[in-house]
Amino acid sequence: MEKFTTIVSKAVPLPIEEVDTDQIIPARFLKATTKDGFGNNLFRDWRYDDKDQPKADFILNDAHYKGSKILVAGKNFGCGSSREHAAWALTDYGFKVVVSSFFADIFRNNSLNNGLLPVQVSQEFLNAIFEKAKADNNLELKVDLVAQTIEIVGHNMSEGFEINNYKKTCMINGYDDIDYLLSIKDKIEHYEKTSKYLSIVS
Amino acid sequence: MGKTLFEKVWDAHVVTEIAGGPSVLYIDKHLVHEVTSPQAFGGLEKRGIGLFRLDRTVATADHNVPTKDQHLPIKEILSRQQVDKLTENCKKFGVTLYGLGHPYQGIVHVIGPELGITLPGMTIVCGDSHTSTHGAFGSIAFGIGTSEVEQVMATQCLMQSKAKTMKIEINGTLGKGVSSKDIILFIISKISAAGGTGYFVEYAGSAIRALSMEARMTICNMSIEMGARGGIIAPDQTTFDYVKGKEFAPKGAKYDEAVAYWKTLQTDADAKFDKEYNWTAEEITPMITYGTNPGMGIGIAEAIPTEASMEESNRPTFHKALEYMDFKAGEKLIGKTVNYVFIGSCTNSRIEDLREVAAFLKGKKKADNVNAYIIPGSKQVEKQAQEEGIDKVLAAAGFELREPGCSACLGMNEDKIPKGEYCVSTSNRNFEGRQGPGARTLLASPLTAAATAVAGKIVDIREALKKETAKV
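These lines cover the structure that appears in this document, whether it is placed above or below.

Rules of the game
Residues numbered from 1 in each chain as written. Chains lettered and ligands numbered in written order. Predicted model: local features only at pLDDT ≥ 70, side-chain atom pairs only at ≥ 80, totals over all residues. Heavy atoms only, no water. Helix = DSSP H or I, 4+ residues; strand = E, 2+ residues; numbered from the N terminus. Contact = heavy atoms within 4.5 Å. Areas by Shrake-Rupley, 256 points an atom, 1.4 Å probe, with all protein chains shown as cover. Lys, Arg positive; Asp, Glu negative; His and termini not counted. Charge placed at Lys NZ, Arg CZ, Asp CG, Glu CD. Pairing = 2+ DSSP bridges. Axes fitted to C-alpha atoms, helices over the stretch in contact; angles between N-to-C directions. Core = buried A, V, L, I, M, F, W, Y, C linked by side-chain atoms within 4.5 Å. Buried < 20%, exposed > 50% of the residue type's maximum accessible area, 1.4 Å probe, protein only. 1 Å grid on protein atoms, 1.4 Å probe; cavity = no way out; pocket = protein on both sides within 12 Å on 5 of 7 lines; lining within 4 Å. Points joined across faces, edges and corners; volume = space filled by probe spheres on them. Nonpolar A, V, L, I, M, F, W, Y, C, P; charged D, E, K, R; others polar. Buried area = accessible area lost by both parts, 1.4 Å probe. Salt bridge = Lys/Arg side-chain N within 4 Å of Asp/Glu carboxyl O. Polar contact = N/O pair within 3.5 Å; in protein donor to acceptor, adjacent residues only side chain to side chain. Left-handed = near helix turned anticlockwise from the far one by under 90°.

What chain A contains, in helices and strands, is 9 helices and 7 strands. Taken along its principal axes, the extent of the C-alpha atoms in chain A is 60 × 45 × 25 Å. Counting contacts in chain A only where the partners sit at least 6 residues apart, residues at least 24 apart contribute 64% of the total. Carbon and sulfur atoms form 47% of the exposed surface of chain A, whose accessible area is close to 8,500 Å². Of the side-chain charges in chain A, 24 are positive and 29 negative, and the distance between the mean point of each set is 3 Å.

Printed below as a string of structure tokens:
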């Protein structure tokens, strides 16, 4: 996993609530057996029409936002299917951060496991980003993981965000959970030998 | 202070805790399917390790499989490759696979319970959000991503933060034509598609107690549709009777010992939940969804809400949903023509669902405009349905019982709903394009779906049942 510290980037506003993972990456594109290439089909049915032509009114088709690393979306982002392909599609496309007022649980975990930072802000702060991004399509956000802050650049507005310490350390250092779990194998084996429940059902 | 059921099962599975971070949770059973596992197997290969506990892992092929001619090679190349990759990986790593052609093959959340792989008090995970189904047994069961699939394969453990607890109590008696699917669609319509996020939900109350295991599974299955990490129902005699004699369930003295332990898996009287809701079974009617998330549900006889009735911030999403569905705010759905009906999925494809549908369809005919998919959840369900003559009843009514798989629930295999068409579906998600690009899904119970297939339009199952009683 890539190391993460501070990101400054143009914000891509997607002011839609309840964006489910079927929209982020439809099921018919889940047939690959590697993690590569999902970015091409990110938001496939919102991005392309049924003749595979880009839809002019969808924001990712606006060349102005090309290369942006921060997606800003409405509440309950990433609900629905547990498909990690949604996180892979976002990172493969180039996003490093998703900002929303609320994230679905599984999506949040999947993102953290792939170096994609979910930044949960208040509804007011989210509304402020949408409002300012509407007025200024060059609006930039600065996300500082060490300080756990997000700032609307040039507007003197910032807010703190939560992340548990363990996950924060993993993201900053590019560690993953398996490295840690493999290092405590003796504890896992000890649990197996002493668990009352396991002795009953296996 | 006492503990909730969720806390009891959780605490029994904590290997160790990380200060300021998640717990390391031991996982009793890991269910694997073809879509969310290849990258995890690939990860193990890269690390040069195998599965930590092979005897706790079972795989099946369900998402990509066709529901006709399963004995022939899968036509769609990418689907075939993904299913073949699962077979190859299971062989290479030594994982038990109930693949195509195996008498135990089926939807992962149908085969776990029917084989006795799912037992009360367990922790169960799968790279599929509907893993919440298994909570019906009093287990902690939830969906995970592929990185987590790899974690469980490598260590039989997961790093998890403990969810908050919610209790939803439904007391009373369900009316005629109202099923457990209606209970869960009702709950989600009340608390929204995000209302359960961060919580593990315990379902309780006399209406839940009265349900069969399969009906309880339908409720727990859709817990994820309100954002909940999972759903759980305390095990009772109904649970113990269901588990008894199942292929992989404990037998003899082991079973008695297990039941004695399972009986302790109840929320203590003085335990506190972080949130509680209460409804009565009498206020629940047959439900149907009108929009593009499972929270957009109404009683079948009600009208779609109006914009004025909702908060400002919800309006753009509501408007987008109605535009996609081609419905108008304030209109009723009864009488709308529907050309597709899907009865199946991990929510409603078990033998009781098929029995209920067959009992309703007996002596009736499918409307000419309707194309129907009726898909058993597993090979065992299919076999049972054939033994009971359900396939013949369906055939006489103009339907065909197909072969098991996820089918038209998710538009990943051959079974898809065409663009612009309405489908009354017993599945769990009505997201845009879920059943195929441009498809419009209306979630409902198996009975409502069956009645729709006969009428060729949306009907109130209570009215249909009344007519039947009048005839007799």
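All right, on to the sheet that holds strand S5 (residues 96–98) of chain B then. Residues and elements named next belong to chain B. Across the sheet, which stays open at both edges, the 5 strands sit in the order S5-S4-S3-S6-S7 with parallel pairing between neighbours. Strands at the two margins of the open sheet, each flanked by one partner only, are S5 and strand S7 (140–143). Between one strand axis and the next, the sheet turns by 20 degrees as a mean value, whatever way the strands run.

The tendency in soluble globular proteins is for nonpolar side chains to be buried side by side. Counting residues in hydrophobic clusters, the biggest one holds 108 residues, and the most contacted among them are Ile 168, Ile 170, Ile 187, Tyr 203, Met 226 and Trp 262 of chain B. Of all the elements, helix H6 (residues 180–191) of chain B adds the most residues to this core, at 7 residues. Apart from the residues lying within four places of it in its own chain, the contact partners of Trp 262 of chain B are Tyr 197 and Val 201 of chain A together with Leu 119, Pro 120, Pro 235, Phe 240, Val 243, Pro 250 and Tyr 255 of chain B. By size, the runner-up hydrophobic cluster in this structure holds 85 residues, among which are Val 12 and Leu 42 of chain A together with Leu 394 and Ala 397 of chain B.

Moving on, we come to the layout of surface pockets. Its boundaries defined by the atoms lining it, the largest pocket holds a volume of some 1,200 Å³. Forming the boundary of the largest pocket are 39 residues, of which Ile 16, Trp 46 and Phe 58 of chain A together with Lys 320 and Glu 432 of chain B lie nearest the centre. Those elements that provide at least two residues to the lining of the largest pocket are strand S1 (6–14), helix H2 (44–47) and helix H5 (123–135) of chain A together with helix H11 (315–325) of chain B. Tallied by class, residues from the lining of the largest pocket come to 13 nonpolar, 10 polar and 16 charged. Looking at the second largest pocket, its volume works out to about 910 Å³. Along its surface, the second largest pocket is lined by 36 residues, and Met 1, Lys 35, Trp 88, Asn 113 and Asn 114 of chain A are the ones closest to its centre. Elements represented by at least two residues in the lining of the second largest pocket include exactly helix H3 (85–93) and helix H7 (177–183) of chain A together with helix H2 (38–47), helix H3 (77–93) and helix H5 (146–155) of chain B. In terms of residues, the lining of the second largest pocket owes the most to one element, H2 of chain B, which gives 8 residues. Partitioned by chemical class, the residues of the lining of the second largest pocket number 8 nonpolar, 13 polar and 15 charged.

Listed by partner, the interface residues are 74 residues for chain B and 59 residues for chain A. Taking both partners together, chain B and chain A bury about 5,500 Å²; carbon and sulfur atoms supply 58% of that area. Taken together, the links from chain B to chain A amount to 6 salt bridges. Here Glu 192 of chain A and Arg 53 of chain B are joined by a salt bridge, their closest N and O atoms 2.6 Å apart. The interface formed by chain B and chain A holds 33 residue pairs in polar contact (both at pLDDT 80 or more) in total. Going through the elements one at a time, strand S1 (14–17), strand S2 (23–26), H2, H3, H5, strand S8 (157–160), helix H10 (252–262) and H11 of chain B are the ones with two or more residues in the side of chain B that touches chain A.

The subject of this paragraph is unusual backbone geometry. Not every positive phi belongs to a glycine, and Gln 148 of chain A is a case in point at roughly 55 degrees. Assessed through its relative accessible area of 17%, Gln 148 of chain A is described here as buried. Positive phi is not limited to glycine here, since Ser 192 of chain B has a value of about 80 degrees. Within the fold, Ser 192 of chain B resides in the loop between H6 and strand S10 (199–204).

Another point: the packing of helix H12 (residues 351–361) of chain B against helix H13 (residues 379–387) of chain B. Residues and elements named next belong to chain B. Close contact between H12 and H13 brings their axes to 10 Å; oriented N to C, the two are set at 35 degrees. H13 is crossed by H12, and the crossing has right-handed handedness. Here Ile 351, Leu 354 and Arg 355 of H12 lie close against H13, whose contacting residues are Val 381, Gln 384 and Ala 385. Taken together, the residues of the contact of H12 with H13 break down into 4 nonpolar, 1 polar and 1 charged.

If you walk through the whole model with that rule in mind, you get 7 cavities of 30 Å³ or more. Computed from the structure, the largest cavity encloses a volume of approximately 220 Å³. Lining the largest cavity are 23 residues, and of these His 63, Asp 128, His 130, Leu 410 and Arg 434 of chain B lie nearest its centre. Reported here for the second largest cavity is a volume of approximately 110 Å³. The wall of the second largest cavity is formed by 13 residues, among which Glu 17 and Glu 18 of chain A together with Thr 292, Thr 317 and Glu 432 of chain B lie closest to the centre. Classifying every residue of the lining of the second largest cavity gives 4 nonpolar, 4 polar and 5 charged.

All chains considered together, the criterion is met by 36 salt bridges over all chains. For Asp 179 of chain A, the salt bridge identified is with Arg 47 of chain B, shortest N-O distance 3.1 Å. A residue pair is termed interchain when its members come from two chains, as with Asp 179 of chain A in helix H7 and Arg 47 of chain B in helix H2. On the basis of relative accessibility, which here comes to 42%, the residue Asp 179 of chain A falls in the partly exposed class. Among the residues examined, Arg 47 of chain B registers a relative accessible area of 30% and is labelled partly exposed. Salt-bridge contacts for Arg 56 of chain B lead to Asp 28 of chain B; the nearest nitrogen and oxygen are separated by 4.0 Å. One end of the pair, Arg 56 of chain B, is in the loop between H2 and strand S4 (57–60); the other, Asp 28 of chain B, is in the loop between S2 and strand S3 (29–32), and 28 residues separate them in sequence. For Arg 56 of chain B, a relative accessible area of 9% corresponds to the buried category. Salt bridges sharing common partners tie together Asp 176 and Asp 179 of chain A together with Arg 47 and Glu 150 of chain B.

From the geometry alone we can't say anything about function, so treat these as descriptive.
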